[in-house]
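If you want the building blocks of each chain, they are given just below.
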Amino acid sequence: MRDNMLQVDHHDPENLSLLRFNALWESNYRNNSLLVFSTGRSPTLYKELRKEKPMLTPDITIMSVGTEITYGNSMVPDNGWVEFLNKKWDRNIVSEETSKFPELSLQSETEQRPHKVSFYVQKDKAQDVMKALATRLQERGLDVKIIYSGGMDLDILPQGAGKGQALAYLLKKFKASNKLPVNTLACGDSGNDAELFSIPDVHGVMVSNAQEELLQWHAANAKNNPKIIHATERCAAGIIQAIGHFNLGPSTSPRDVTDLSDSKMENFDPAYEVVKLYLFYERWRRAEVENFELYLANLKAVCCLSGIFVHPSGIEQSLHDAINSLKTCYGDKQGKQFRVWVDQVLPAQIGSESWLVSFKKWEQSGEAWSTLY
Ligand code: GLC
């Protein structure tokens, strides 16, 4: 099992590295690994980001710099974590003391959370302010953690909080239920990610575009730790690179395979077939497919004659008819921005040679996002 912290690239307008990661995750990891997103953002900003970017659904979401942990699609909060963070924490005292520092300007209301008070502070003032503030809050009996990220954000949290502590808490929980992951890979780019890399037995990747404060932390604290690398690739592409570097499992995204017709029955994997099918569908509509006759023939061979496609509306169609109906839309997205990805591809074997695979399919056409299947 593997945990993973995803990286979103705001300089990749087509989101290709994220889409490459998505295809790799869904085809090889979804079924036996845990995808954990860990973000500094509040639930409000995190949900906005998910509407803007082609992000998969994580199994666990850690938000607000490791002060909020939720599970599954419906984001059920971990109340044990909330109770733990309440110790030695008094938000009012933090507000009172920080108001005495004119260098601090409060971030938006959405980013102020029960266990997180966040400000902006100029880079050249940050170190002094952090020192003075730590002393003041200690004098008031609070045990806090002050984190500087992105060369501008200053977060104040309970000492036991933070992305690394949240991860350690989860690992402890998994261990208690005998479900400790075989490997854990943490990925990060800014100051609030540093503590992720200090958790024992965790592999770490600082993506190529990591912020100065994280690189400085690494130089001072973890330079000789072979379990942490600084990728040469940006964002999600850096994660794929790290999976390969640490030999954690397959690291070739199906999106990087140009000829999808390589299917062999002995390697049949239903999740991989679904990922490939929708990659083929994207390329088909963009008129970018190679070897399509062979691919379609292979596809029909792996989908048995009685196979059916069930739309969430309840409408059923035979898989062969669904494949045949592709003919009408060949190349209709040629030269246009058109991307397709699948999320939560979960196969269940229901017979000696049959699988029921549930998944969500997303399409993005130009600026517009369309239906969730
Ligand atoms: C995100 C949050 C912000 C926080 C920053 C660094 O940008 O929105 O509140 O200060 O991460 O942790």
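Rules behind the numbers
- Every chain is numbered on its own, with residues counted from 1 as its sequence reads.
- Reporting of local features is limited, given that this is a predicted model, to residues whose pLDDT is at least 70; pairs of side-chain atoms are given and counted only at 80 or more, and all residues count toward the totals for whole chains, interfaces and linings.
- Note: side-chain values were computed over all heavy atoms of the structure, leaving out hydrogens and water.
- UniProt positions are given in the numbering used here, feature names are shortened, and annotations may be inferred rather than shown by experiment.
- Should DSSP find at least two bridges between two strands, the strands are regarded as paired.
- Think of it this way: any DSSP run of H or I at least four residues long counts as a helix, any run of E at least two long counts as a strand, and we number them from the N terminus.
- Confidence scores per residue from the predictor, reported as pLDDT, run from 0 to 100.
- When checking whether two residues touch, look at their non-hydrogen atoms; a contact exists if any pair is within 4.5 Å.
- All axes are obtained by fitting lines to C-alpha atoms, using only the stretch in contact for helices, and the reported angles, taken between N-to-C directions, cover 0 to 180 degrees.
- What sets the label is the angle itself: under 35 degrees gives roughly parallel, over 145 gives roughly antiparallel, 65 to 115 gives roughly perpendicular, and the rest give oblique.
- Residues are grouped as follows: Ala, Val, Leu, Ile, Met, Phe, Trp, Tyr, Cys and Pro are nonpolar; Asp, Glu, Lys and Arg are charged; all remaining types, including Gly, are polar.
- Accessibility here uses a 1.4 Å probe with only protein chains present; expressed as a share of the type maximum, an area under 20% marks a residue as buried, one over 50% as exposed, and anything in between as partly exposed.
- In this analysis a 1.4 Å probe is tested at points of a 1 Å grid over the protein atoms alone, and where it fits but cannot get out there is a cavity; an open set with protein on both sides within 12 Å along at least five of seven lines is a pocket; lining residues have an atom within 4 Å of a point.
- Grid points are joined across faces, edges and corners, and a volume is the space filled by probe spheres set on the points.
- One heavy atom within 4 Å of a molecule or strand is enough for the residue carrying it to be called near that molecule or strand.
- Polar contacts here mean pairs of N or O atoms no more than 3.5 Å apart (in protein, one a potential hydrogen donor and the other a potential acceptor; neighbouring residues in sequence count only if both atoms are side-chain atoms).
- Being in a pocket or cavity means that more than half of the molecule's atoms lie within 2 Å of its grid points.
- Definition used in this section: a nonpolar core is a set of buried Ala, Val, Leu, Ile, Met, Phe, Trp, Tyr and Cys residues joined via side-chain atoms within 4.5 Å.

The protein carries the name Sucrose-phosphatase in an unreviewed UniProt entry, which gives Rehmannia glutinosa as its organism. In UniProt, the protein has this text filed under Function (unreviewed entry): "Catalyzes the final step of sucrose synthesis." UniProt, in the comment section headed Catalytic activity (unreviewed entry), describes the protein in these words: "sucrose 6(F)-phosphate + H2O = sucrose + phosphate".

Asks: Got a minute to help me understand the sheet that holds strand β5 (residues 105–106) in this structure?
Replies: Across a sheet, strands are paired by hydrogen bonds formed along the backbone, either parallel or antiparallel in direction. The sheet built from four strands is open, its strands ordered β5-β6-β8-β7 with antiparallel pairing. In the strand order of this sheet, the two ends are held by β5 and β7 (144–149), each with one partner. As paired strands, β5 and strand β6 (residues 117–120) are joined by two bridges and run antiparallel to one another. Pairing of L106 across the sheet is with F119, part of β6.

Asks: Help me understand the sheet that holds strand β4 (residues 76–77) in this model?
Replies: The strand order across the open sheet built from four strands is β1-β2-β3-β4, with neighbouring strands paired in mixed fashion. Each of the sheet's edge strands pairs with one partner strand only, and the pair in question is β1 (36–38) and β4. Pairing analysis gives three bridges linking β1 to strand β2 (residues 60–63), with the strands arranged parallel. Bridged to V36 within β2 is I60.

Asks: So what exactly am I meant to see when it comes to the confidence of the model for the protein here?
Replies: If pLDDT is low for a region, its predicted coordinates should not be looked at in detail. Summing up the model confidence of the protein, the mean pLDDT is 92 and the portion of residues at 70 or higher is 95%. Ignoring residues within four places in sequence, the model shows residues 1–5, a span with pLDDT below 50, making 45 contacts including any to other chains.

Asks: Would you mind going over the environment of Y330 with me for this structure?
Replies: Among the secondary structure elements, Y330 is positioned in the loop between α11 (319–324) and β14 (338–351). Expressed as a C-alpha distance, the spacing of Y330 and R285, which sit 45 residues apart in the sequence, is 4.9 Å. Setting aside its immediate chain neighbours within four residues, Y330 contacts W284, A287 and V289.

Asks: Just to check I follow, could you spell out the packing of helix α1 (residues 16–29) against helix α8 (residues 235–245) for this structure?
Replies: Geometrically, a packed helix pair is captured by the angle between its two axes and the distance between the axes. The geometry of α1 relative to α8 is characterised by a closest axis approach of 7 Å and an angle of 40° between their N-to-C directions. Regarding the angle of α1 to α8, the classification is oblique. Here α1 contributes S17, L18, R20, F21, L24 and Y29 to the contact with α8, which in turn contributes A236, A237, I239, I240 and I243. For the contact of α1 with α8, the residue count by class is nine nonpolar, one polar and one charged.

Asks: Quick question: what am I supposed to make of the pairing of β7 here?
Replies: It is a general feature of regular strands that their side chains alternate between the two faces of the sheet. Among the six residues that make up β7, six are buried, leaving the element largely enclosed by the rest of the structure. A two-sided burial pattern is seen for β7, the buried positions comprising V144, I146 and Y148 on one face and K145, I147 and S149 on the other. Pairing of β7 with strand β8 (residues 153–158), which is carried by six bridges, proceeds in the antiparallel orientation. Bridge pairing links K145 to L157 in β8. Between β7 and β8, which follow one another and run antiparallel, lie three residues, and G150 among them has a positive phi close to 60°.

Asks: Which parts of the structure should I look at to understand the pairing of β6?
Replies: Note: β6 against β8, four bridges, orientation antiparallel. Its bridge partner lying in β8, F119 is registered against L154.

Asks: Where do I start with empty space enclosed by the protein in this structure?
Replies: The final tally for this structure, using the stated rule, is three cavities of 30 Å³ or more. Computed from the structure, the largest cavity encloses a volume of approximately 90 Å³. The wall of the largest cavity is formed by L19, N22, A23, E26, R255, V275, Y278, L279, V340, W341 and V342. Counting residues per element, the lining of the largest cavity draws most heavily on α1, which supplies four residues. Its residues assigned to classes, the lining of the largest cavity comprises eight nonpolar, one polar and two charged.

Asks: Would you mind going over the site of the ligand with me for this structure?
Replies: As a matter of local geometry, the ligand sits amid G40, R41, L45, V65, Q107, E111, K116, S118, S149, D153, D155 and N192. Within the side chain of K116, one N or O atom sits 2.7 Å away from an oxygen atom of the ligand. Within the side chain of N192, an N or O atom sits 2.7 Å from an oxygen atom of the ligand. Given that more than half its atoms are within 2 Å of the pocket grid, the ligand belongs to the second largest pocket. The class makeup of the residues in the shell around the ligand is two nonpolar, five polar and five charged.

Asks: Would you explain the nonpolar core in this entry?
Replies: It is characteristic of soluble globular proteins that their nonpolar side chains tend to be buried jointly. Counting 29 residues, the largest nonpolar core has I60, I62, I69, L170, F197 and L214 as the members making the most contacts within it. At the level of elements, β2, α3 (79–85), α6 (163–176) and α7 (212–221) are the ones that each hand at least two residues to this core. Looking at which element gives the most residues to this core, the answer is α6, with six residues. Discounting chain neighbours no more than four positions away, the residues touching I60 are L35, V36, F37, I69, T70, Y71, L170 and F174. F21, F37, L49 and I239 belong to the second-largest nonpolar core, a separate cluster that totals 26 residues.

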